[in-house]
Amino acid sequence: KQEVTQIPAALSVPEGENLVLNCSFTDSAIYNLQWFRQDPGKGLTSLLLIQSSQREQTSGRLNASLDKSSGRSTLYIAASQPGDSATYLCAVRGIGGGSNYKLTFGKGTLLTVNP
Amino acid sequence: DAGITQSPRHKVTETGTPVTLRCHQTENHRYMYWYRQDPGHGLRLIHYSYGVKDTDKGEVSDGYSVSRSKTEDFLLTLESATSSQTSVYFCAISGTSEKLFFGSGTQLSVL
């Protein structure tokens, strides 16, 4: 059974700092990995999706990397802003049919960026 | 933003009553999902659908049923609500891009 872990559970940084959020998964047989953002009381918003054949994806100040063989992904946020404060979740999709094809979520990292 | 509407947004009900949550999409996406989110457990898949009348169970499906009679609608029914089903319920959809798009959620309280 796939397990996804995100460490740390919470992170507080001053504005302007570059930061890295970590995601690890136990089964390297994945189809893709997604990073999401969730604001309090809201649904999740997809930030970046990395296919298993890719090493990284970039969108603005966000860069996500994937090392499938070691079961790790990182989300790099450059020049953090107070508006980046949210919970960040990663999720992996398995390969094959049936239950393997579904997403498994980590529990998230609560990021606070202080002005 | 993806066109996903969940209704109701909030509901309070009593133990033992049936409850139906609705998810409506305007994106014509093939896949639809129901998740629940609880502190300490994160997001857990209840049921999902891969087409009209095609559904399958997720990891926490006991006590829940779903129906999808049209591409745009995916209903989640709690047959007889229990206090353990107090949670925030999210609907999500995905299409060929593989990205998952979430609705705004339904806060359900079972008293």
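To be clear, the structure that these remarks concern was listed above.
The model shown is predicted, which means the values in this text are computed figures rather than measured ones.

The rules behind these values
Position labels on residues start from 1 in each chain and follow its written sequence. By the order in which they are written, chains take letters starting at A while ligands take numbers starting at 1. Confidence filtering applies because this is a predicted model: local features only for residues at pLDDT of at least 70, side-chain atom pairs given and counted only at 80 or more, and all residues used for totals across whole chains, interfaces and linings. The basis for every side-chain value is the complete set of non-hydrogen atoms in the structure, without hydrogens or water. Strands are runs of DSSP state E lasting at least two residues, helices are runs of H or I lasting at least four, and both sets are numbered from the N terminus onward. For every residue, the accessible area obtained with a 1.4 Å probe (protein chains only) is divided by the maximum for its type, and the residue is called buried under 20%, exposed over 50%, and partly exposed between those limits. At least two bridges found by DSSP between two strands is the condition for calling them paired. By definition, disulfides here are pairs of cysteine sulfur atoms that lie within 2.5 Å. The pocket and cavity definitions rest on a 1 Å grid over protein atoms only: a 1.4 Å probe that fits but cannot leave marks a cavity, an open set with protein on both sides within 12 Å along at least five of seven lines marks a pocket, and residues lining either have an atom within 4 Å of a point. Grid points are joined across faces, edges and corners, and a volume is the space filled by probe spheres set on the points. In this count, Pro and Cys sit with the nonpolar residues alongside Ala, Val, Leu, Ile, Met, Phe, Trp and Tyr, while Asp, Glu, Lys and Arg are called charged and the others, Gly among them, polar.

### Regarding unusual backbone geometry
Link 1 in the chain: For the bond running from A:I7 to A:P8, omega is 5°, close enough to zero to count as cis.
Link 2 in the chain: Cis peptide bonds are those with omega within 30 degrees of zero, and the linkage from B:S7 to B:P8 qualifies with -5°.
Link 3 in the chain: One can find B:P8 in the loop between β1 (4-7) and β2 (10-13).
Link 4 in the chain: Of note in the backbone geometry, A:A79 takes a positive phi value of approximately 45° without being a glycine.
Link 5 in the chain: Mapped onto the secondary structure, A:A79 falls in the loop between β8 (72-77) and β9 (86-94).
Link 6 in the chain: Even without glycine at this site, B:N28 takes up a positive phi of about 60°.

### Describing the pairing of strand β5 (residues 44-51) of chain A
Residue and element names in this part refer to chain A.
Link 1 in the chain: Across the 8 residues that make up β5, a large majority, 6, are buried.
Link 2 in the chain: Of the pairings in the sheet, the one linking strand β4 (residues 30-38) to β5 comprises 7 bridges and is antiparallel in character. Bridging across to β5, Q34 finds its partner in L49.
Link 3 in the chain: The loop that links β4 with its antiparallel partner β5 comprises 5 residues; one of these, G41, has a positive phi angle of about 75°.

### Re the state of the cysteines
Link 1 in the chain: Under the definition given, this model contains 2 disulfides over all chains.
Link 2 in the chain: The disulfide partner of A:C23 is A:C90, and the gap between their sulfur atoms is 1.9 Å. Looking down the S-S bond of the A:C23 and A:C90 bridge, the torsion is 75°, so its handedness is right-handed. Note that A:C23 is positioned in strand β3 (residues 19-25) and A:C90 in strand β9, a separation of 67 residues in sequence. Like A:C90, A:C23 is buried.
Link 3 in the chain: Between the sulfur atoms of B:C23 and its disulfide partner B:C91 the distance amounts to 1.9 Å. The sign of the -70° torsion about the S-S bond sets the B:C23-B:C91 disulfide as left-handed. In this pair, B:C23 sits in strand β3 (residues 19-25) while B:C91 sits in strand β9 (residues 87-94), placing the two residues 68 residues apart along the sequence.
Link 4 in the chain: The class for B:C23 is buried, based on a relative accessible area of 0%.

### Comments concerning the layout of surface pockets
Link 1 in the chain: Volume-wise, the largest pocket comes out at about 680 Å³.
Link 2 in the chain: As for the largest pocket, its lining consists of 25 residues, and the residues nearest its centre are A:K1, A:Q2, A:E3, A:T104 and B:E59.
Link 3 in the chain: Within the residue set of the lining of the largest pocket, elements represented by two or more residues are β1 (4-7) and β10 (103-105) of chain A together with β5 (42-51) of chain B.
Link 4 in the chain: Of the residues belonging to the lining of the largest pocket, the class tally is 7 nonpolar, 10 polar and 8 charged.

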